[in-house]
Amino acid sequence: MLESANTFSNKRRGAFAEDRALDYYRQRGFELHRRNHKVAGVEIDLILKKNRWLFVEVKTLQTLENISFRLSFAQQKRLLFARQVWQNQYQQDVALKVFFVSSRQMLELGIEDFF
């Protein structure tokens, strides 16, 4: 089955944004543990570790305007659920960040910034 050009383009854009986010965190001393890994059925774009675990949801945007609409309430709940499952399983704290990438800028927010 062939993928549409739009689907392929979205995947490439998403992979590019994940690469930029990964570079950002590696420059800050984080190591990649897993990429696009499912935790309790929820895909986590980047699972990193420095002194503690970090889950990163990466979003691509045209501009950084109206970013609060880019992570739905349902997505927030799923990410928080995955974090709780991981914390319960491994008995280790997990920070949760959303990393926005536009053509000109990058922005990191904690999941708590959406509430």
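Just so we're clear, the structure is a prediction, and the values are computed from it rather than from any experiment. Throughout this description, residue numbers start from 1 for each chain and increase along the sequence as written. Reporting of local features is limited, given that this is a predicted model, to residues whose pLDDT is at least 70; pairs of side-chain atoms are given and counted only at 80 or more, and all residues count toward the totals for whole chains, interfaces and linings. The side-chain figures draw on all heavy atoms in the structure; neither hydrogens nor water molecules are used.

Student: So, the packing of aromatic side chains: which residues are in play, and what are the values?
Tutor: Ring pairs shown here join Phe, Tyr and Trp side chains whose ring centres sit within 6.5 Å, with only the six-membered ring taken for Trp; geometry is labelled stacked below 30 degrees between planes, edge-to-face above 60, and tilted in between. For the structure on display, the rule yields seven aromatic pairs. Plain terms: the ring middles of tyrosine 25 and phenylalanine 30 are 5.6 Å apart, the flat faces sit at 85° to each other, and that makes the pair edge-to-face. Each member of the pair, tyrosine 25 as well as phenylalanine 30, is classed as buried. The interplanar angle of 45° and the centroid separation of 4.6 Å between the aromatic rings of tryptophan 86 and tyrosine 90 together place this pair among those described as tilted. Of this pair, tryptophan 86 and tyrosine 90 are both found in helix α2 (residues 73–90), four residues apart, which corresponds to roughly one turn of the helix. Throughout this description, buried means an accessible area under 20% of the type-specific maximum (1.4 Å probe, protein chains only), exposed means over 50%, and partly exposed covers the range between. The class for tyrosine 90 is partly exposed, based on a relative accessible area of 40%. Here the aromatic cluster, defined as three or more aromatic residues joined through ring pairs, consists of Tyr24, Tyr25, Phe30 and Phe99. A ring has a charge above it when a Lys NZ or an Arg CZ is no more than 6 Å from the ring centre and no more than 35 degrees off the ring normal. Over the aromatic face of tyrosine 24 sits the side chain of arginine 28, whose NZ or CZ is 3.6 Å from the ring centroid. Helical segments are the DSSP runs of H or I of at least four residues, strand segments are the runs of E of at least two, and each set is numbered from the N terminus.

Student: Describe the side chain of aspartate 45, naming the residues involved and giving the relevant values.
Tutor: Its place among the elements puts aspartate 45 in strand β2 (residues 42–49). In this structure aspartate 45 is buried but unpaired, with lysine 59 as the nearest side chain of opposite charge at 6.7 Å. A polar contact is formed between the side chain of aspartate 45 and the backbone nitrogen of valine 58, at a distance of 2.7 Å. The contact rule is simple, with two residues in contact once any of their heavy atoms fall within 4.5 Å. Among all residues touching aspartate 45, those that are not within four sequence positions of it are Glu18, Arg34, Arg35, Asn36, Val56, Glu57 and Val58. We score Asp and Glu as negative and Lys and Arg as positive, and we do not count His or the chain ends. The salt bridge criterion pairs a side-chain nitrogen of Lys or Arg with a carboxyl oxygen of Asp or Glu, the two atoms within 4 Å. N or O atoms within 3.5 Å of each other form a polar contact, as long as, within protein, one can give a hydrogen and the other can take it, and as long as residues adjacent in sequence are counted only when both atoms are side-chain atoms.

Student: Talk me through the pairing of β2; I want residue IDs and the actual numbers.
Tutor: By the criterion of burial, β2 is predominantly enclosed, with six of the eight residues buried. At least two bridges found by DSSP between two strands are what make those strands a pair. The turn linking strand β1 (residues 31–39) back onto β2 is made up of two residues, and alanine 40 within it adopts a positive phi angle of 55°. In terms of strand pairing, β2 meets strand β3 (residues 53–60) through four bridges, oriented antiparallel. Bridge pairing links isoleucine 47 to phenylalanine 55 in β3. The hairpin formed by β2 and β3 contains three residues between the paired strands.

Student: An account of the nonpolar core is requested, with residue identities and associated values reported.
Tutor: By nonpolar core is meant a set of buried Ala, Val, Leu, Ile, Met, Phe, Trp, Tyr and Cys residues that side-chain atoms within 4.5 Å join together. Grouped together as the largest cluster of nonpolar side chains are 17 residues, with contacts concentrated most on Val39, Ile44, Ile47, Phe55, Leu79, Trp86 and Ile111. For this core, the secondary-structure elements that each account for two or more residues are β2, β3, α2 and β4 (94–101). Looking at which element gives the most residues to this core, the answer is β4, with four residues. The contact partners of leucine 79, leaving out residues within four places of it in the chain, are Val42, Ile44, Glu57, Leu71, Leu96 and Ile111. Grouped together as the second largest cluster of nonpolar side chains are 14 residues, Ala21, Tyr24, Phe30 and Ala95 included.

Student: Any details on the pairing of β1? Residues and values, ideally.
Tutor: Two strands pair when backbone bridges link them, and β1 and β2 are joined in this way by seven bridges, in the antiparallel orientation. Residue valine 39 lies in a different strand from β2, and its bridge partner there is valine 42.

Student: I'd love a proper account of the sheet that holds strand β5 (residues 106–110), names of residues and values included.
Tutor: Strand order in the open sheet formed by five strands is β1-β2-β3-β4-β5, with mixed pairing between adjacent strands. Single-partner strands in this sheet number two, and they are β1 and β5. The mean angle between the axes of side-by-side strands here comes to 30°, regardless of whether they run parallel or antiparallel. To obtain an axis, a line is fitted to C-alpha atoms, over the contacting stretch when the element is a helix, and the angle between two such axes runs from 0 to 180 degrees between their N-to-C directions.

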